[in-house]
Amino acid sequence: MAINYNLAKVYALSDNDTEFVMQIINLFVTEVPEDMKEIEAGIKEKDHKRAYAYAHKIKPTLDLLGMTVAHQEILEVEAWTKVEGKRKEIDATFESIQSQVDKAIKEIKKDFDL
């Protein structure tokens, strides 16, 4: 049983289409780590638009995979970018999202033999 993610929304959205579910899973495992690097770079370089663009991109994926806390935190990153906040205000939130994403990817790879 998945601990760090939940595929209920994906199955509901797809009418239990396992091929679609696998596409979403593969998208998450391959693209989200790269997007997280872009968010991190945006935060470090004070490029708020870059951080926003990639945070906005992964937001629906986090929601689809039932990663409620990470989804809520990515909304905080988006809000931070809009007010062009200081890096220290968002570092812990980003680290939390990164940790959750890493755990989910590790678990998904194990669960689906990826």
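Cut-off values and rules
- In this numbering scheme, every chain counts its residues from 1 along its sequence in written order.
- The model is predicted, so local features are restricted to residues of pLDDT at least 70 and side-chain atom pairs to those at 80 or more, both for listing and for counting; the totals for chains, interfaces and linings are taken over all residues.
- Computation of side-chain values covers all heavy atoms of the structure but excludes hydrogens and water.
- Under the DSSP-based scheme used, a helix requires at least four consecutive residues in state H or I and a strand at least two consecutive residues in state E, with every element numbered from the N terminus.
- A helix is expected to span 1.5 Å for every residue after the first.
- Bend, at a single residue, is the angle you get between axes fitted to the 7 residues ending at that residue and the 7 residues starting at it.
- Summary of the burial criterion: residues with accessible area below 20% of their type's maximum are buried, those above 50% are exposed, and those between are partly exposed, where the area comes from a 1.4 Å probe applied to protein chains only.
- Contact between two residues is taken to exist if any of their heavy atoms lie within 4.5 Å; hydrogens are not considered.
- For this analysis, a nonpolar core means a set of buried residues of the types Ala, Val, Leu, Ile, Met, Phe, Trp, Tyr and Cys, connected via side-chain atoms within 4.5 Å.

1. Observations regarding the environment of Lys-103
Okay, step 1: Tracing the sequence through the fold places Lys-103 in helix α5 (residues 91–111).
Okay, step 2: For the pair Lys-103 and Ile-3, spaced 100 residues apart in sequence, the C-alpha separation works out to 9.1 Å.

2. Observations concerning helix α3 (residues 48–64)
Okay, step 1: With 17 residues, α3 extends 25 Å from end C-alpha to end C-alpha; this agrees with the ideal 24 Å at 1.5 Å per step.
Okay, step 2: The sharpest bend along α3 measures roughly 30 degrees and falls at Ile-58, with the proline Pro-60 sitting one to four residues further on.
Okay, step 3: Along α3, the residues that are buried comprise His-48, Ala-51, Ala-55, Ile-58, Lys-59, Thr-61 and Leu-62.
Okay, step 4: Considering only its buried residues, α3 is in contact with α2 (18–44), α4 (68–82) and α5.

3. Examining the nonpolar core
The tendency in soluble globular proteins is for nonpolar side chains to be buried side by side.
Okay, step 1: Core analysis: the biggest nonpolar cluster contains 29 residues, and Phe-28, Met-36, Ile-39, Leu-62, Leu-65, Met-67 and Val-101 have the highest contact counts within it.
Okay, step 2: Elements with a contribution of two residues or more to this core: α2, α3, α4 and α5.
Okay, step 3: Here this core gets nine residues from one element, more than from any other, and that element is α2.
Okay, step 4: Excluding anything up to four places from it in sequence, Ile-39 contacts Ala-51, Tyr-54, Ala-55, Ile-58, Ile-74, Val-77 and Phe-94.

4. Comments concerning the side chain of His-48
Okay, step 1: Structurally, His-48 can be placed in helix α3.
Okay, step 2: The buried category is assigned to His-48, whose relative accessible area is 11%.
Okay, step 3: When neighbours within four sequence positions are excluded, His-48 is seen to be in contact with Gly-42, Trp-80, Thr-81, Glu-84 and Gly-85.

5. Concerning unusual backbone geometry
Okay, step 1: In this model, Lys-46 sits at a positive phi of 55 degrees, which is unusual for a non-glycine residue.
Okay, step 2: Among the structural elements, Lys-46 can be located in the loop between α2 and α3.
Okay, step 3: The phi dihedral of Asp-113 is positive, around 50 degrees, even though this residue is not glycine.
Okay, step 4: With respect to the helices and strands, Asp-113 occurs in the segment after α5.
Okay, step 5: In this structure Asp-113 comes out as exposed when scored by relative accessible area, which is 73%.

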